[in-house]
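# Structural characterization, general
Here is what each chain is made of, one letter per residue.
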Amino acid sequence: MRAVPRGNWPVSCVIAIVFVLLVTAVWELRVRGMGYRPSVNETSDLWARERSRLDRPGIDMVIIGSSRAQFDFDLKTFADYFSIEPPVQLAMPGTNPMQLLESVAAAEKFSGTVVLGVTPALWFVPEGMPVEQARQAVGRYENWSPSQRAGLALSIPLQRLFAYQNQEDLKLGELLARIPIKNRPAAEANQPPLLPPYFTGIDGRRQARMWEQCDFGSPLALEIQRRWLGLFKPPPPPPGVTPEELQQMFGAFIEANLERLRVAVETLRSRGSRVVFVRLPSTGTLREIELGMAPREAFYERMLAVTGAPGVHFQDYPELSDFDCPEWSHLTASDAVLFTQRLMPILENALVNPAPVHRPRPADPALSPDSAPDRGNDTVD
């Protein structure tokens, strides 16, 4: 047996604890000085916990979509207006929400209202991170182990107490990635587009609020705008695939995705659920890009047509169309509350009169981004 070296171990232990607490306190003060505040981390475990609420009856409303549905919908305003518990927030940033919707459609005890936030370019992403993130979240819910549940329960109190627990921006890997090291010239073109830096905090119900530092004209907002330009760019055809073949493949995927959407909505309706689509605001150059990538008639209008569900498009209502987004894609925390307040009577009317707000139009055979109408045309999304 190895002998324990002699020493004053109680004193050493106290010194170690004091040192760790001191370093932790200094780091906490440092990141708070940088503007960070305690926030719950957005993880698959947190999504799985919210999804599991649908396994018991009594849930009135669920929100599905991508990040705009997390930022722009104020859950408390929903609850106050409809006199219900705050909706279950199941939107996920940067995802194709189709698998999230199918997971809700499979929740047999849920028969409430589903509000679907629409970012057309994301609903029709065929592969990659937007699909994989949603797959991971649904997979975590379906295979959620007791240790993962316990880990979430233990970690949330710490996340609510300490700003340095921010895993999106303050992990060691993220901090190291900020070191400005230039890529080799030949490697520059092969780098994947960068994701936006941290610009939001969320609470335990997954309500997102834009960080105050992402204000209009701020360096953070301008940096995020720059990164949207790389992320909202159609990928080139894979090796061996011509642009025409890629267009055909994409068209076939859109049809298959619309069929999945129809089936999921029909499944929800068969249990008495109501479904409504909401196209949320975008602005600036990103809006112009979306007009080209996802024409309204080919995407948003077809989502309404194949499901027969009502929709609310921000562009159709003056009280919803005058909002601006600091980084072109999401509303500020205060504007999100005002937007939701203005949306509520419109949404209620759409639910009471569930006929599609927009007359269903014939399918446009030219669904590729190349077929986009002129930008600025009022008939495009």
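Remember, it's a predicted structure, so these values are computed and weren't measured experimentally.

Another aspect to go through is the pattern of salt bridges. A side chain of one charge can pair with a side chain of the opposite charge if their charged atoms are brought near each other. Using the criterion set out here, one finds 19 salt bridges in the structure. Between Glu290 and Arg68 there is a salt bridge, and its shortest N-O distance comes to 2.6 Å. Here Arg68 lies in helix H3 (residues 67–71) and Glu290 lies in helix H13 (residues 284–293), a separation of 222 residues in the sequence. The exposure classification of Glu290 matches that of Arg68, with both residues buried. For Arg260, the salt bridge identified is with Glu102, shortest N-O distance 2.8 Å. Here Glu102 lies in helix H5 (residues 98–105) and Arg260 lies in helix H12 (residues 243–270), a separation of 158 residues in the sequence. For Arg260, a relative accessible area of 33% translates into the label partly exposed. Put simply, Arg49, Glu50 and Arg53 are held in one network by salt bridges that share partners.

The next subject is the environment of Val306. Along the chain, Val306 falls in helix H14 (residues 300–307). It is 9.7 Å that separates the C-alpha atoms of Val306 and Val265, two residues lying 41 residues apart in sequence. Sequence-distant contacts of Val306, that is, excluding residues within four places in its chain, are made with Leu258 and Arg262.

The periodicity of an α-helix, 3.6 residues per turn, causes residues three or four places apart in sequence to face the same way. Compared with the 28 Å implied by 1.5 Å per residue over 20 residues, the 28 Å span of helix H16 (residues 333–352) between its first and last C-alpha is a close match. When the local axis directions of H16 are compared, the greatest deviation, roughly 35 degrees, occurs at Met344, which is followed within four positions by the proline Pro345. Buried within H16 are the following residues: Asp335, Ala336, Phe339, Thr340, Leu343, Met344, Ile346, Leu347, Ala350 and Leu351.

Two numbers describe how H5 lies on helix H7 (residues 129–142): the axes approach to 8 Å, and their chain directions differ by 25 degrees. With respect to their mutual orientation, H5 and H7 come out roughly parallel. For the pair H5 and H7, contact is made by Gln99, Leu100 and Ser103 and by Val131, Ala134, Arg135, Val138 and Tyr141, respectively. Looking at the contact of H5 with H7, its residues break down into 5 nonpolar, 2 polar and 1 charged.

Applying the stated criterion across every chain yields a total of 10 aromatic pairs. Ring centres of Tyr36 and Trp211 lie 4.8 Å apart, and the angle between their planes is 35 degrees; on these two criteria the pair is classed as tilted. Placement of the pair is Tyr36 in the loop between helix H1 (9–33) and helix H2 (44–52) and Trp211 in the loop between strand E5 (208–210) and helix H11 (219–231), with a sequence separation of 175 residues. A ring pair is formed by Phe323 and Phe339, whose centres lie 5.4 Å apart and whose planes are at 80 degrees; its orientation type is edge-to-face. One end of the pair, Phe323, is in the loop between helix H15 (318–321) and H16; the other, Phe339, is in helix H16, with 16 residues separating them in the sequence.

Cut-offs applied
Residues numbered from 1 in each chain as written. Predicted model: local features only at pLDDT ≥ 70, side-chain atom pairs only at ≥ 80, totals over all residues. Heavy atoms only, no water. Salt bridge = Lys/Arg side-chain N within 4 Å of Asp/Glu carboxyl O. Helix = DSSP H or I, 4+ residues; strand = E, 2+ residues; numbered from the N terminus. Buried < 20%, exposed > 50% of the residue type's maximum accessible area, 1.4 Å probe, protein only. Contact = heavy atoms within 4.5 Å. Expected span 1.5 Å × (residues − 1). Bend = angle between axes of the 7 residues up to and from the residue. Axes fitted to C-alpha atoms, helices over the stretch in contact; angles between N-to-C directions. Parallel < 35°, antiparallel > 145°, perpendicular 65-115°, else oblique. Nonpolar A, V, L, I, M, F, W, Y, C, P; charged D, E, K, R; others polar. Phe/Tyr/Trp six-rings, centres within 6.5 Å; stacked < 30°, edge-to-face > 60°.

By themselves, these observations are geometric and do not establish any function.
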